[in-house]
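# Report on the structure
Take a look at the letters that make up each chain.
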Amino acid sequence: MDRLLFGDNQFFGINHMSEEKARAQAMKFQDLSAIIETLDAAYDEGIRTFMCTTHDRVALICDHVRANPGRYEGFKFYPCMPYAHKYANAVTDYGMIGAVTHFMPDEGLLKTAIKGGMSLARKDVEGLATILVDMEMKMFRGLETPVVFLQNVVVDLLLGMGMKDSFRIFHDYVREKYDAEPGFITMNLPMLLDTLDELGIENPIVCANINKIGFRLSGGVEGYLETLKKRRVRAIAMSVFASGAIPAKEAIDWIAAQEGIESIVFGASSRKNIRDTKMLTDAAYAA
Amino acid sequence: MVRVGLVGLGKMGISHFSIVNSHPDAETHVCDASGLVLDVVGRYTSAPVWRDYDEMLEKADLQAVIIATPSQLHGPMARKALERGLHVFCEKPFCLDWREAEDLARLAEEKGLANQVGYHYRYVGAFQEMKRLVDAGAIGEVTHVLAEAYGPVVLKPKGATWRTDRAAGGGCLYDYAAHPVNLVNWCFGLPAQVTGTILNSIYSEATDDEVYSTYAYAGGLSVQVSVNWSDESYRKMSAKMTLTGTKGRIMADRQEIQVYLREAVPDLPGYREGWNVKYTTELSEPVRFYLRGEEYSAQLDDFVAAARGGPRKDLNDFASAAQTDRTISMMIDDSEREKTLAPETVRQAPARRRGWFGRAR
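Since the structure is predicted, the reported quantities are computational estimates derived from the model, not experimental observations. (Residues numbered from 1 in each chain as written. Chains lettered and ligands numbered in written order. Predicted model: local features only at pLDDT ≥ 70, side-chain atom pairs only at ≥ 80, totals over all residues. Heavy atoms only, no water.)

### Comments concerning the domain arrangement of chain B
All names here are of chain B. The criterion, for reference: All domain edges in this entry derive from an automatic or database-based domain assignment. We call two residues contacting when some pair of their heavy atoms lies within 4.5 Å. What gets called buried area is simply the loss in accessible area from a 1.4 Å probe that two parts show on being joined, summed for both.
Domain annotation of chain B identifies domain 1 (2–121 + 293–317) and domain 2 (122–280 + 326–336). For domain 1 and domain 2, the distance between their C-alpha centres works out to 26 Å. Domain 1 puts 21 residues into the contact, and the matching count from domain 2 is 22 residues. Summing both partners gives a buried area of about 2,100 Å² for domain 1 against domain 2, and 59% of it is carried by carbon and sulfur.

Shown next, in the form of structure tokens:
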């Protein structure tokens, strides 16, 4: 994995600090051209990986990259699925069962069985999970997707419920079907790593909040650092600036000094911020 | 170790299950009437599952329950649990009849049982800071409050579930408005008078999609409630409180608090005259397990701690939720009054598109 990965929160009005800022970003990136311009700036600054949700608008970005292969040589997508809001809204609309069938492609036997309230066999549940992965992956057809992530809301929901097998199902399917490395995003890093370890998933790619002030590091900074030290893990740090609460240089220098962190995912809306982050990171890791 | 029975595997129920099941001091049983979701939980998790609530209460040897069923079932289920001496955490709104809510609050207190309702905004750092500042008199006498919530829940006419039926406890008033109303109750209690309430449909046939109301309090405080869950310009639910006082103003939402003080307050170091802004990074306490927000874990961890014999927190107890139930009921009564004055001002839901054979889509 590259040292720096470009995230997509800023494109979709997600800002953990302020709703006003989130709205300003939603306005700024209303047109696809503004998103593409920023992605181009990231590419020109040497960033080659776009870690993105499966938001409907990402499909448009994919179309653009597919249409301009010369402009994006070596450009990779790290899809993060599912786009949780899509499903959460569907659950409100159709109920739990309705939501699942809503996203299933056609009137197959499985869909009919679920709608009929039939009890599901183990292979049915696995089949269902893989159908949902395929639906989310459709938009990336023909593009490079070397790592495919399960989003944190889903990972952490399953983790808390103790539905451990689902991680194994996702892991195996992503490897087999997409020849990609499975990744897991979480807000509960130590607990997830214990669980993956139990499942025999070795040296996993995980992405979690990791920052100097311990913002949204469940259980606290010490537990995180200890876990990163003691386990074989390929960690991606997100929220390294804690939504701007930590000055950029201080934040990145601190990350560079920790063990077990392979990459940083960051979001930025301007070329200047992208360049600054790139320079700070290069400097921190050269030191 | 506390044995907790969770009933209702809907959106909130699943989230509560995940949080409480991850708690090192809790062992969770799960109950749901729908076989399919329960089947999956039974097969893929270690939680014992029950189809019938009464049977679970009888046989599972529980010490506590978490109730996340459709709202109209809350009251009867909470009563059964309390009568058996179980601690109860219930989703909001608590009871559709506020008298029942007050009864249950009394019963829980008499029996010395932990009792909480899922008004999780009281566990959000920025709103806790708002409450602290108001209580400290930072902005003097509060003269006006604007309590808002907006979000994209109902954006088109849709099929009927309990969430689209006011009689079952569904709709913008019970689902969305209850939160800002609960925050108003937290700071100022029950209003003396409720007027100008509009509970209009935008898309829903059997419930409201927008809620507006004015409260008056003894002494002159006025509150305006403005809530709409059919607003697509918001990515997700956004609740916001704006409080205007004689000595300043507070604006708080889930992420930040902006405070203007006409003068510094000695008891509040960290605040100065003029503008003060604090963000969630500074206001949130880290939690043991995180799912969608610190507040969800914090409220359930308090509940588990209380059920284990620790101190009972009254932050979102039954009595406080009963106050919100009662305020909501005042709003419904007022809106009925308003409707009779000018029935032509009540918006009708558009007809849903009909598919083949007249079946609603």
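### Here we look at the interface of chain A and chain B
Applicable threshold: The working definition used for a salt bridge is a side-chain nitrogen of Lys or Arg within 4 Å of a carboxyl oxygen of Asp or Glu.
Across the boundary between the two partners, chain A contributes 52 residues, which contact 42 residues of chain B. Across the chain A to chain B interface the summed buried area is about 3,800 Å²; carbon plus sulfur atoms make up 58%. At the junction of chain A and chain B, the tally comes to 1 salt bridge. Residue Glu294 of chain B is joined to Arg216 of chain A by a salt bridge in which the shortest nitrogen-to-oxygen separation is 2.7 Å.

### Some words on the pairing of strand E1 (residues 2–7) of chain B
A regular strand places its side chains on the two faces of the sheet in alternate fashion. Residue and element names in this part refer to chain B. Just so we agree on the cut-off: Three labels apply to residues, based on accessible area from a 1.4 Å probe with only protein chains included: buried if under 20% of the type maximum, exposed if over 50%, partly exposed otherwise in between. Working definition: helices are DSSP H or I runs of at least four residues, strands are E runs of at least two. Numbering for both runs from the N terminus. A pair of strands is labelled paired if DSSP reports no fewer than 2 bridges between them.
Counting buried positions along E1 yields 5 of 6 residues, so the element is predominantly enclosed. Taken together, the 6 bridges between E1 and strand E2 (residues 26–31) define a ladder with parallel strand orientation. Bridging from a neighbouring strand, Arg3 pairs with Glu27 of E2.

### Observations regarding the nonpolar core
Note the following rule: The definition of a nonpolar core used throughout is a set of buried Ala, Val, Leu, Ile, Met, Phe, Trp, Tyr and Cys residues joined through side-chain atoms within 4.5 Å.
By size, the foremost hydrophobic cluster in this structure holds 103 residues, and its most contacted members are Phe6, Phe50, Phe77, Phe167, Phe184 and Val206 of chain A. When residues in this core are grouped by element, the largest group, 7 residues, is from helix H2 (residues 32–44) of chain A. If sequence neighbours within four positions are ignored, Phe77 of chain A has contacts with Phe50, Cys52, Ile61, Cys62, Val65, Phe140, Leu143, Glu144, Thr145, Pro146 and Val147 of chain A. Judged by nonpolar contacts, the second largest core, of 84 residues, contains Ala60, Ala149, Val227 and Val259 of chain B.

### Structural notes on the sheet that holds E1 of chain B
Residues and elements named next belong to chain B. As a reminder of what qualifies: Every axis corresponds to a line fitted to the C-alpha atoms, with the helix fit spanning only the stretch in contact, and the corresponding angles, defined between N-to-C directions, vary from 0 to 180 degrees.
As summarised here, the arrangement of the 6 strands in space is E3-E2-E1-E4-E5-E6, forming an open sheet in which the pairing is parallel. Edge strands, defined here as strands with exactly one partner in the open sheet, are strand E3 (49–50) and strand E6 (115–117). Two elements, strand E5 (residues 87–90) and E6, share 3 bridges in a ladder whose sense is parallel. In the sheet register, Cys90 faces E6, and the bridge partner there is Val117. Taken strand by strand, helix H1 (residues 11–21) contacts E1, E2, strand E4 (64–67) and E5, and its axis lies near 155° from that of E2.

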